[in-house]
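Residues per chain, in single letters:
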Amino acid sequence: MYRRARAGGGAYGEPLNGTPTAGTILIDTSARRGESWCYVVRSVVGTTPVIVESVSSDEVCMAVQDVFPPAAPTGVAALPREGAVEVSWSPAGEGDVARYRVYRASGGGAPARIGDVPAGETAFTDKAPGPGSHAYTVTAVDRDGNESPPSRPAEARLP
């Protein structure tokens, strides 16, 4: 398997797999998020006295990007305060979390986003929930915009 940078064209370098392989799945473990590469594959026809390869396969180009959301935050708690609710949670374990989103569902309604918090913080104060029962959930959002499923809801009731 050979690769070249997608931008600017150019020639293919040395094979990514140093020795010929009989496998049909080849993985480029050195490609990093945000990079774009083009690939071709060649069959090895012979190795003695020199390596003889087939013509290149059709070229396939792709951008390396993260499409997997982080795990949902855990340990969500909602504590009633004087006219407000303090929502806190345990940080997500993934290293690419960029922010958390806090949602509130009131009176059995659908959750609505009420705040965004930077990744280094794990608390949010809902300053205007109004009286009644409220359920809070939190999601984690990574640098590529992938949002986790919601956390388990935490309930708070204000008079």
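Okay, so let's go over this structure. (Residues numbered from 1 in each chain as written. Predicted model: local features only at pLDDT ≥ 70, side-chain atom pairs only at ≥ 80, totals over all residues. Heavy atoms only, no water.)

### Topic: the nonpolar core
Turning to step 1, where the next piece is worked out: Counting 17 residues, the largest nonpolar core has V85, V87, W89, Y100, V102, Y136 and V138 as its most contacted members.
Turning to step 2, where the next piece is worked out: Elements supplying a minimum of two residues to this core: β6 (74–81), β7 (84–90), β8 (97–106), β11 (132–142) and β12 (154–158).
Turning to step 3, where the next piece is worked out: Among residues more than four places away in sequence, those in contact with V85 are A78, L79, P80, F124, T125, D126, P129, Y136, A156 and L158. (Core = buried A, V, L, I, M, F, W, Y, C linked by side-chain atoms within 4.5 Å. Buried < 20%, exposed > 50% of the residue type's maximum accessible area, 1.4 Å probe, protein only. Helix = DSSP H or I, 4+ residues; strand = E, 2+ residues; numbered from the N terminus. Contact = heavy atoms within 4.5 Å.)

### Here's the deal with the state of the cysteines
Such a bond, covalent and formed between the sulfur atoms of two cysteines, is termed a disulfide.
Turning to step 1, where the next piece is worked out: Throughout the structure, instances matching the rule amount to one disulfide.
Turning to step 2, where the next piece is worked out: For C38, the disulfide goes to C61, at an S-S distance of 2.0 Å. Across the S-S bond of C38 and C61 the torsion is about 105 degrees, and the bridge reads as right-handed. Residue C38 is located in strand β2 (residues 36–40), and its partner C61 is located in strand β5 (residues 60–63); the two are separated by 23 residues in the primary sequence.
Turning to step 3, where the next piece is worked out: By relative accessible area, C38 is classed as buried at 1%. (Disulfide = S-S within 2.5 Å.)

### Here we look at the packing of aromatic side chains
Turning to step 1, where the next piece is worked out: For the structure on display, the rule yields one aromatic pair.
Turning to step 2, where the next piece is worked out: In this structure, R42 packs its charged tip against the face of Y2, placed 3.9 Å from the ring centre. (Phe/Tyr/Trp six-rings, centres within 6.5 Å; stacked < 30°, edge-to-face > 60°. Lys NZ or Arg CZ within 6 Å of the ring centre and 35° of its normal.)

### Section: the pairing of β2
If a strand is regular, its side chains alternate between the two faces of the sheet.
Turning to step 1, where the next piece is worked out: Burial runs high along β2: four of the five residues are buried.
Turning to step 2, where the next piece is worked out: The pairing of β2 with β5 spans four bridges and is classified as antiparallel. Paired with C38 across the bridge in β5 is C61. (Pairing = 2+ DSSP bridges.)

### Description of the pattern of salt bridges
Turning to step 1, where the next piece is worked out: Under the criterion given, the structure shown has 10 salt bridges.
Turning to step 2, where the next piece is worked out: Between D116 and R101 there is a salt bridge whose closest N-O contact spans 3.8 Å. One end of the pair, D116, is in strand β9 (residues 112–118); the other, R101, is in strand β8, and 15 residues separate them in sequence.
Turning to step 3, where the next piece is worked out: Using a relative accessible area of 14% as the deciding quantity, one classes R101 as buried.
Turning to step 4, where the next piece is worked out: D126 serves as the salt-bridge partner of R104, at 2.5 Å between the closest nitrogen and oxygen. Of this pair, R104 sits in strand β8 while D126 sits in strand β10 (residues 123–126), and the two are 22 residues apart along the sequence. Neither R104 nor D126 differs from the other in exposure class; each is buried.
Turning to step 5, where the next piece is worked out: Taken together, the shared-partner salt bridges in this structure form one network comprising R99, R101, R113, D116 and E147. (Salt bridge = Lys/Arg side-chain N within 4 Å of Asp/Glu carboxyl O.)

### Some remarks on the sheet that holds β5
Turning to step 1, where the next piece is worked out: If you walk across this open sheet you meet the three strands as β1-β2-β5, and the pairing is antiparallel. The outermost strands of the open sheet, each flanked by one partner alone, are β1 (2–5) and β5. Within this sheet the neighbouring strands show an average axis-to-axis angle of 30 degrees, counted without direction. (Axes fitted to C-alpha atoms, helices over the stretch in contact; angles between N-to-C directions.)

### Some words on the environment of S43
Turning to step 1, where the next piece is worked out: Here S43 lies in the loop between β2 and β3 (44–46).
Turning to step 2, where the next piece is worked out: What makes S43 partly exposed here is its relative accessible area of 47%.
Turning to step 3, where the next piece is worked out: Distance from S43 to S56, taken between C-alpha atoms, is 8.1 Å for residues 13 residues apart in sequence.

So, to be careful, I would describe these as geometric facts and stop short of saying anything about function.
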